[in-house]
Amino acid sequence: MNISHIEHIGIAVKDLDAAIKHYEEVFGMKCYAVEEVAEQKVKTAFFQVGDAKIELLESTAEDGPIGKFIEKRGEGIHHLAFAVKDIEANLAEAEEKGTRLIDKTPRKGAEGLDIAFLHPKSTFGVLTELCEKKD
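Computed from a predicted structure; not experimentally measured.

Each value, and the rule that gives it
- Residues numbered from 1 in each chain as written.
- Predicted model: local features only at pLDDT ≥ 70, side-chain atom pairs only at ≥ 80, totals over all residues.
- Heavy atoms only, no water.
- Core = buried A, V, L, I, M, F, W, Y, C linked by side-chain atoms within 4.5 Å.
- Buried < 20%, exposed > 50% of the residue type's maximum accessible area, 1.4 Å probe, protein only.
- Helix = DSSP H or I, 4+ residues; strand = E, 2+ residues; numbered from the N terminus.
- Contact = heavy atoms within 4.5 Å.
- Pairing = 2+ DSSP bridges.
- Expected span 1.5 Å × (residues − 1).
- Arc of directions from axis to C-beta.
- Polar contact = N/O pair within 3.5 Å; in protein donor to acceptor, adjacent residues only side chain to side chain.

> Is there a simple way to explain the nonpolar core in this structure?
Generally speaking, a soluble globular protein has its nonpolar side chains buried in company with each other. Of all hydrophobic cores here, the largest spans 11 residues; its members are Ile-11, Val-13, Leu-16, Ala-19, Ile-20, Tyr-23, Cys-31, Ala-45, Phe-47, Ile-54 and Leu-56. At the level of elements, strand E1 (3–13), helix H1 (16–27), strand E3 (42–49) and strand E4 (52–59) are the ones that each hand at least two residues to this core. It is H1 that provides the largest number of residues to this core, a total of four residues. Apart from the residues lying within four places of it in its own chain, the contact partners of Tyr-23 are Ile-11, Gly-28, Met-29, Phe-47, Ile-54 and Leu-56.

Here it is in C-alpha cells:
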C-alpha cells in the first residue's frame, strides 16, 4: 500500500449541528466545510487537525449507513481513512493479500475525493477507508 497519512477519522453523530458546536466550543476547532453526500445518505462536517481531519457524519435517512450504524452501535468512531496515491492499485493489492473489499472500485465521496472501503472483518474490526485526491 502507498499510504501517505491519516486522511480523517469519521465519527457518527445524531445531531450534526450540536456536534459542530461542541467541537468548536470545547475543543476550539473551526468547522471549515459542511457537505451533503446524497448517494451515501449523509451530511458531513470537517475540522482540520494538523495533517489529518475529523469528519462528523449525520445520517440523512434512517436506512443510510450512518443511520444503521448509530441504531446498532450508537454514536462514535465510524471509520479510519487513509490517504493513498493510486487508489485502484491499493485496492487490488489489498484484495490480493486477502483483504475483503466493500468497494471493488472507487466512488465519489465528500470533498471530491475518490473513496473505497475495506471490510472491518478483514481489518481487525475497524471500517477502513482509502481516499485519493485526484488533481
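Following the structure, the description resumes.
> Please explain the pairing of E4 as it appears in this structure.
Both faces of the sheet carry side chains from a regular strand, because those side chains alternate between them. The buried count for E4 comes to seven of eight residues, which makes it a mostly enclosed element. As paired strands, E1 and E4 are joined by six bridges and run parallel to one another. Paired with His-8 across the bridge in E4 is Lys-53. Two strands pair when backbone bridges link them, and E3 and E4 are joined in this way by eight bridges, in the antiparallel orientation. Each bridged residue has a counterpart across the sheet, and for Gln-48 the counterpart in E4 is Lys-53. Between the end of E3 and the start of E4, which pair antiparallel, lie two residues, with Gly-50 showing a positive phi angle near 65°.

> Help me out: how do you make sense of the sheet that holds strand E6 (residues 107–108) in this one?
One key point about sheets: their strands pair by backbone hydrogen bonds, in either a parallel or an antiparallel sense. The strand order across the open sheet built from eight strands is E2-E3-E4-E1-E5-E8-E7-E6, with neighbouring strands paired in mixed fashion. Two strands close off the open sheet at either side, each with one partner strand: strand E2 (31–37) and E6.

> Whenever I open this one, the side chain of His-8 confuses me. Can you help?
By secondary structure assignment, the location of His-8 is in strand E1. Accessibility expressed as a relative area gives 3% for His-8, which makes it buried. Apart from the residues lying within four places of it in its own chain, the contact partners of His-8 are Lys-53, Glu-55, His-79, Leu-80, Ala-81, Glu-129 and Cys-131.

> Would you mind showing me how to read H1 here?
Since the α-helix packs 3.6 residues into each turn, any two residues three or four apart lie on the same face. With 12 residues, H1 extends 16 Å from end C-alpha to end C-alpha; this agrees with the ideal 16 Å at 1.5 Å per step. Within H1, burial applies to Leu-16, Ala-19, Ile-20 and Tyr-23. Taken down its axis, H1 places every buried residue within 105° of arc, on the same side. Every exposed residue of H1 that faces more than 90 degrees away from the buried side is listed here: Asp-17, Glu-25 and Val-26. Buried residues along H1 sit against E1, E2, E3 and E4. Put simply, Asp-15 is the residue that caps the front of H1, since its side-chain oxygen is 3.1 Å from the backbone nitrogen of Asp-17. Looking one or two places after H1, you find Gly-28, whose phi comes out positive at around 75°.

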